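# Observations on chain architecture
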Amino acid sequence: MFGTRVLSQFRMWMPNMPITLTGAKNATAVSPATATFRVLPRMTKHEIKEYLTKIYELPVKSVNTINYAGKRKRAMGRRKIVYYKYRDYKKAVVTFGSALKDVGRGAKLDMDEPEENKA
């Protein structure tokens, strides 16, 4: 039909897009909170921003992406050499708005001091 070409341009497959958090920094007086994600290479900046704002309701200010080629490896056997390659991936550095101060990576526990017995 006539509308299929226009609809094929609009990709909406959010539940199938794995986003893995690899690092995060809390906001300081000088810089806003940032987080680093590992995403699929076919994801665009706009899709990453929509994913984080609609599903997790995060105030995303900007998204910067970096494409990485997978590492190429060589395994030496007795009779032949096998070449293989890791998957390509994309890294997304997300800067959050001023409303988000703490990225919530967990509390740091002080395990050096033993807990005192309370009677």
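For the structure itself, consult the block above.
Here's a quick rundown of the structure. No experiment lies behind these values; they were computed from the predicted model shown.

## Examining the overall build of the protein chain
When helices and strands are tallied, the protein chain shows 2 helices and 6 strands. Ordered by position from the N terminus, the helices and strands of the protein chain form the series α-β-β-α-β-β-β-β. Scored against the burial criterion, the 119 residues of the protein chain give a buried share of 21%. Within the protein chain, counting contacts between residues at least 6 apart in sequence, those at least 24 apart form 57% of the total. A total of about 10,400 Å² of accessible surface is found on the protein chain, and carbon and sulfur atoms cover 53% of it.

## Quick notes on the pairing of strand E2 (residues 34–39)
Here is the key point about a regular strand: its side chains alternate between the two faces of the sheet. Of the two faces of E2, the one holding Ala-35, Phe-37 and Val-39 is buried and the one holding Thr-34, Thr-36 and Arg-38 is not buried anywhere. Here 5 bridges tie strand E1 (residues 20–25) to E2, and the two strands are oriented antiparallel to one another. In the strand pairing of E2, Ala-24 is matched with Ala-35. Relative to strand E6 (residues 89–96), E2 is paired through 6 bridges, and the arrangement is antiparallel. Its bridge partner being in E6, Phe-37 is matched across the sheet by Ala-92.

## Let's talk about the environment of Asp-88
Take Asp-88: it is sitting in the loop between strand E5 (81–85) and E6. On the accessibility criterion, Asp-88 (39% relative accessible area) is partly exposed. A C-alpha to C-alpha distance of 8.3 Å links Asp-88 and Leu-40, two positions 48 residues apart in sequence. Once residues within four sequence positions are removed from consideration, Asp-88 is found in contact with Pro-41, Tyr-68, Ala-69 and Gly-70. Within the local environment of Asp-88, its side chain forms a polar contact with the backbone nitrogen of Gly-70, the two atoms lying 2.7 Å apart.

Here is what the cut-offs are and how they apply
- Residues numbered from 1 in each chain as written.
- Predicted model: local features only at pLDDT ≥ 70, side-chain atom pairs only at ≥ 80, totals over all residues.
- Heavy atoms only, no water.
- Helix = DSSP H or I, 4+ residues; strand = E, 2+ residues; numbered from the N terminus.
- Buried < 20%, exposed > 50% of the residue type's maximum accessible area, 1.4 Å probe, protein only.
- Contact = heavy atoms within 4.5 Å.
- Areas by Shrake-Rupley, 256 points an atom, 1.4 Å probe, with all protein chains shown as cover.
- Pairing = 2+ DSSP bridges.
- Polar contact = N/O pair within 3.5 Å; in protein donor to acceptor, adjacent residues only side chain to side chain.

Note that all results are geometric; they support no functional claim without further evidence.
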